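# Working through the structure, step by step
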Amino acid sequence: MKRYLTITGLTLLGLLLINLSPAAQMNSDRVQDQIENLRSEIERTGEIIQLAAETVKGSNSREAALLLQKAVEVHQSSNSDFGQKRYQMAAEKTKLARELAQKAIGVARATDENRDTVLRKLEHTKQLLERIGESSSHNVSASLKSLYENARDNLRRAWEFYNAGEYRPAVKLCNQVESALRKLMEQFQRQDRESNFTQRRMEQLRGQLERIQAMVAECSSESATELLAQAKQAMQQSQQFYGGGKMEAARASLQKATRLANRAADECRGNEQFQRIYARLAGQADRLAEQIQPDDSRGRKLLNQVREQLMIAKEASEKGNTEAAAAALRATEMTLKQLHKHLNFSQGR
């Protein structure tokens, strides 16, 4: 191979031929030997070009093909100059043709190496795409699905560039796909964590709704019953969103269901507290009623006010109007204090 790549003395030969007249060329054996050496070098250049042609053919490199074409053109011109005894020009051109052929070989071989590198890169990216597709959960969001489909389309285009021998755009596009896939993998993993958290929270809320259901059944609060029904509806919506991969909507509905369930529980706890206070005040009213004398009109009036206020408080509580119920209880307690004070005064205590 080194024999083909070496052009020892070729340039020197051309310089010698410049200094010889045509008459001296015909009469000098030495010059004739140099001419034959030039012919041999031109033939060797042709052999190198043939080798380059075989190498370039397998590389599918446009750059190498252009270099080879130029080498062939310069080699043909060198042969023409030699035939017309323009030996200096023939020597210079065969040197250039050989350099072009050698460069074509180098580019073709580099292209072969580059092709293998690009192929490995494409195969790696393909495996990454498949792995992400297999590992991603079924309920991924529409936006993530779109990003995945876009990455897959770009990888398909990268393969098309590769098959066309356009390795540079294939690598550039492949790098973009790899970057997108790694970001996509991070988002898939984050969504999986959020999905698992949402699923666990749903399970917890189901248990919480069952407990609140039992509480509402005992407290007999219309408001709590309505709030619990709304909580169940929000929970059902959350499950539907979750099944459709709409994670943000699922979490929002889940939070709404939690708030409504807690309000229902608070209503029942407030109703229990109301019942305790109501029972205490009603009992106190019954005890004071026993102390009122038949002719005590003031005492009877205050007792009637207590009874009316207790009735207002109960009705408000049953309608879920906690503020009105609490206000009526406070009014009842104040009237009871007035009645207690009146009875003490009338009885001389």
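Quantities reported herein were computed from a predicted structural model and do not represent experimental measurements.

## Points about the overall build of the protein
Within the protein, the secondary structure is distributed over twelve helices and zero strands. Of the regular secondary structure in the protein, the N- to C-terminal order runs α-α-α-α-α-α-α-α-α-α-α-α. Counting the 349 residues in the protein, one finds 38% classified as buried. As presented, the protein carries roughly 20800 Å² of accessible surface, and 49% of it is formed by carbon and sulfur atoms.

## Digging into the packing of helix H11 (residues 297-318) against helix H12 (residues 322-346)
For the pair H11 and H12, the least separation of the axes is 8 Å and the interaxial angle reads 165 degrees. When the axis of H11 is compared with that of H12, the two are roughly antiparallel. As H11 packs across H12, the resulting crossing turns out to be left-handed. In contact with Arg 298, Gly 299, Leu 302, Leu 303, Gln 305, Val 306, Gln 309, Leu 310, Ile 312, Ala 313, Ala 316 and Ser 317 of H11, H12 contributes Ala 324, Ala 325, Ala 328, Leu 329, Ala 331, Thr 332, Thr 335, Leu 336, Gln 338, Leu 339 and His 342. Residues belonging to the contact of H11 with H12 are distributed by class as follows: 14 nonpolar, eight polar and one charged.

## Structural notes on the packing of aromatic side chains
Taken as a whole and assessed by the stated rule, the structure comprises two aromatic pairs. A ring pair is formed by Phe 82 and Tyr 87, whose centres lie 5.5 Å apart and whose planes are at 65 degrees; its orientation type is edge-to-face. Accessibility assignment for this pair places Phe 82 and Tyr 87 in one class, buried. Relative to Tyr 162, the ring of Trp 159 has its centre 5.9 Å away and its plane inclined at 85 degrees; by these criteria the two rings are edge-to-face. Taken as a pair, Trp 159 and Tyr 162 lie in helix H7 (residues 142-163) at a separation of three residues, close to a single helical turn. Judged by relative accessible area, Tyr 162 falls into the buried class, the value being 12%.

## Remarks on the confidence of the model for the protein
Overall, the predicted model of the protein reaches an average pLDDT of 81, with 86% of residues at or above 70. When mean pLDDT is taken per element in the protein, helix H5 (residues 62-83) scores highest with 92 and helix H1 (residues 2-5) scores lowest with 40.

## Observations regarding the environment of Ala 331
With respect to the helices, strands and loops of the structure, Ala 331 is situated in helix H12. Sequence separation between Ala 331 and Gln 309 is 22 residues; the distance between their C-alpha atoms is 6.9 Å.

## Structural notes on the side chain of Asp 81
Secondary-structure assignment places Asp 81 in helix H5. Using a relative accessible area of 2% as the deciding quantity, one classes Asp 81 as buried. Here the side chain of Asp 81 touches Lys 93 through a polar contact of 2.9 Å, side chain to side chain. Not counting residues up to four positions away in its chain, the partners in contact with Asp 81 are Arg 86, Met 89, Ala 90 and Lys 93.

## Quick look at the environment of Gln 255
Positionally, Gln 255 belongs in helix H10 (residues 247-289). Residue Gln 255 is classed as partly exposed on the basis of its relative accessible area, which comes to 48%. Sequence separation between Gln 255 and Ala 231 is 24 residues; the distance between their C-alpha atoms is 9.6 Å.

## A word on the pattern of salt bridges
Under the definition given, this model contains eleven salt bridges. With its nearest N and O atoms 2.7 Å apart, the salt bridge here joins Arg 86 to Asp 81. On the accessibility criterion, Arg 86 (33% relative accessible area) is partly exposed.

## Let's talk about H11
Compared with an ideal rise of 1.5 Å per residue, which puts 22 residues at 32 Å, H11 spans 32 Å between its outermost C-alpha atoms and is within 8% of the ideal. Among the residues of H11, those classed as buried are Gly 299, Leu 302, Leu 303, Val 306, Gln 309, Leu 310, Ala 313, Ala 316 and Ser 317. What you see down the axis of H11 is that its buried residues fit within an arc of 150 degrees, all on one side. The first or second residue beyond H11 is Gly 320, which carries a positive phi of 85 degrees.

## Some points on the nonpolar core
Residues Leu 205, Leu 209, Ile 212, Val 216, Leu 228, Met 235 and Ala 261 are the most contacted members of the largest nonpolar core, which totals 22 residues. Elements that contribute at least two residues to this core include exactly helix H8 (167-219), helix H9 (222-243) and H10. No other element matches the nine residues that H10 contributes to this core. Among residues more than four places away in sequence, those in contact with Ile 212 are Leu 228, Ala 261, Asn 262, Ala 264 and Ala 265. With 20 residues, the next largest nonpolar core counts Ala 285, Leu 302, Leu 310 and Leu 339 among its residues.

## Here we look at H9
What sets the pattern is the α-helix's 3.6 residues per turn: residues three or four places apart point alike. Look at H9: 32 Å from first C-alpha to last across 22 residues, which is about the 32 Å you get at 1.5 Å a residue. Along H9, the positions that sit buried rather than exposed are Ser 223, Ala 224, Leu 227, Leu 228, Ala 231, Ala 234, Met 235, Ser 238 and Tyr 242. Buried residues along H9 cover an arc of 125 degrees about the axis, so they all sit on one side. Summarising the geometry of H9, the exposed residues directed more than 90 degrees from the buried face are Glu 222, Gln 240 and Gly 243. Positive phi appears at Gly 245, one or two residues downstream of H9, with a value of about 80 degrees.

Quick notes on the rules
Residues numbered from 1 in each chain as written. Predicted model: local features only at pLDDT ≥ 70, side-chain atom pairs only at ≥ 80, totals over all residues. Heavy atoms only, no water. Helix = DSSP H or I, 4+ residues; strand = E, 2+ residues; numbered from the N terminus. Buried < 20%, exposed > 50% of the residue type's maximum accessible area, 1.4 Å probe, protein only. Areas by Shrake-Rupley, 256 points an atom, 1.4 Å probe, with all protein chains shown as cover. Axes fitted to C-alpha atoms, helices over the stretch in contact; angles between N-to-C directions. Parallel < 35°, antiparallel > 145°, perpendicular 65-115°, else oblique. Left-handed = near helix turned anticlockwise from the far one by under 90°. Contact = heavy atoms within 4.5 Å. Nonpolar A, V, L, I, M, F, W, Y, C, P; charged D, E, K, R; others polar. Phe/Tyr/Trp six-rings, centres within 6.5 Å; stacked < 30°, edge-to-face > 60°. pLDDT = per-residue confidence, 0-100. Polar contact = N/O pair within 3.5 Å; in protein donor to acceptor, adjacent residues only side chain to side chain. Salt bridge = Lys/Arg side-chain N within 4 Å of Asp/Glu carboxyl O. Expected span 1.5 Å × (residues − 1). Arc of directions from axis to C-beta. Core = buried A, V, L, I, M, F, W, Y, C linked by side-chain atoms within 4.5 Å.

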